[in-house]
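Residue-level structural notes
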Amino acid sequence: MSTLEVRHLVKDFRVRDGLRRGTLRAVDDVSFTLAAGRTVAVVGESGSGKSTVARMIAQLETPTAGEILLDGEPIGRRGRALARYRNQVQMVFQDPFASLNPYHPVSYHLERPLRIHGVARGKEVTPAVHRLLRSVELDPPEVFAAKRPHEMSGGQRQRIAIARALAPGARFLVADEPVSMLDVSIRLGVLSLLARLQREENLGVLYITHDLATARHFSDEIVVMLRGDVVEQGPSDQVILDPQHDYTKTLLAAAPDPSRHGRLRDEVRAELAAQAS
Ligand SMILES: Nc1ncnc2c1ncn2[C@@H]1O[C@H](COP(=O)(O)OP(=O)(O)OP(=O)(O)O)[C@@H](O)[C@H]1O
Ligand SMILES: [Mg+2]
């Protein structure tokens, strides 16, 4: 089975405090394994190091220490192993508008990664773009392919960002607060799309969020971070129903009332059942 694993990841940033220079340990010894077809949620308050973990996995930051392994192999710094890693591990950011160039239509945003990563050429490109659009439930694809980012809703733009991440043949998606900038009414639709892709395409999803309720319902495992440290990690139900660390208990107490979780779970189940039938 395919896995993406981080072992003892550490990230120090150099910071200036007046005239003094120092280092800030943003991530301190984080380890977890994400398997194909599974979702791991990373939760924690602002500044706990969640995005820094995501950015190291996406190769946007170099770890100070620790390792990242794809299928048990360290990813290395160059060569075919790194190229393979870059195709297979893709990122979805919080703000879909910032990550899409407003001057280009959707077709451009999807054709580019298909060509660059050698997934489709010539006459294959347009059908491949249409397949991607259908896979993120933007139908009819011809209509969406011609749109520019500002002609779409936030949820539709985030679906394009997900399609673009899938284009190189991604097997793992790192989604850093993928719905927190979206209107509450459309969040569930985008999360359900990620859940469907995870199930049907056997994608591994790293879901970074402040929101324990969605973390529970959309992930198999939860990693709780506080000031760079992992304070608790385990199967989602176990972390939520039997939290061991005081910080997890505080997060849970601050989460919306549990009856809402029940309703969310029912809605999600109904939606997934409708998709499966
Ligand atoms: N490039 C950088 N240079 C210096 N410090 C940084 C840098 N990037 C992040 N940090 C610091 O590292 C810590 C962790 O930041 P990070 O963005 O990973 O947190 P987060 O959990 O994603 O927070 P949020 O929930 O607000 O997105 C913070 O104290 C932040 O200020
Ligand atoms: Mg962040």
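Calculation rules
- Residues numbered from 1 in each chain as written.
- Chains lettered and ligands numbered in written order.
- Predicted model: local features only at pLDDT ≥ 70, side-chain atom pairs only at ≥ 80, totals over all residues.
- Heavy atoms only, no water.
- Core = buried A, V, L, I, M, F, W, Y, C linked by side-chain atoms within 4.5 Å.
- Buried < 20%, exposed > 50% of the residue type's maximum accessible area, 1.4 Å probe, protein only.
- Helix = DSSP H or I, 4+ residues; strand = E, 2+ residues; numbered from the N terminus.
- Contact = heavy atoms within 4.5 Å.
- UniProt positions renumbered as here; feature names shortened; annotations may be inferred.
- 1 Å grid on protein atoms, 1.4 Å probe; cavity = no way out; pocket = protein on both sides within 12 Å on 5 of 7 lines; lining within 4 Å.
- Points joined across faces, edges and corners; volume = space filled by probe spheres on them.
- Nonpolar A, V, L, I, M, F, W, Y, C, P; charged D, E, K, R; others polar.
- Pairing = 2+ DSSP bridges.

The protein chain has the name Peptide/nickel transport system ATP-binding protein in an unreviewed UniProt entry, where Isoptericola halotolerans is given as its organism.

To continue, consider the nonpolar core. One finds L133, I162, L173 and I222 to be the most contacted residues of the largest nonpolar core, which totals 49 residues. The element best represented in this core is helix α8 (residues 184-200), accounting for seven residues. When near neighbours in sequence (up to four residues on either side) are disregarded, L133 contacts V106, L110, L138, P141, F144, A145 and I160. Counting residues in each nonpolar core, the second largest holds 25 residues, with F32, A54, I57 and V89 among its members.

Here we take up the UniProt feature "domain: ABC transporter" (unreviewed entry) in the protein chain. With numbering matched to this structure, UniProt assigns "domain: ABC transporter" (unreviewed entry) to residues 4-252. Between the first and last C-alpha atoms of residues 4-252 the distance is 28 Å; the span itself is 40% helix and 29% strand.

A few words on the layout of surface pockets. Of the volumes computed, that of the second largest pocket is approximately 360 Å³. Around the second largest pocket, the lining comprises 17 residues; the ones closest to its centre are A58, V89, Q90, M91 and F93. Taken together, the elements giving at least two residues each to the lining of the second largest pocket come down to α2 (79-88), β6 (89-92) and α7 (154-166). Of the residues forming the lining of the second largest pocket, the biggest block, four residues, is contributed by β6. A breakdown of the residues in the lining of the second largest pocket according to their chemical character gives eleven nonpolar, four polar and two charged.

This brings us to the sheet that holds strand β2 (residues 20-35). The strand order across the open sheet formed by four strands is β2-β1-β4-β5, and the pairing between neighbours is antiparallel. Of all the strands in the sheet, just β2 and β5 (73-74) have a single pairing partner and so form its edges. In the sheet, strand β1 (residues 3-17) pairs with β2 via 13 bridges, with the strands oriented antiparallel. Within the sheet, the bridge partner assigned to K11 lies in β2 and is V27.

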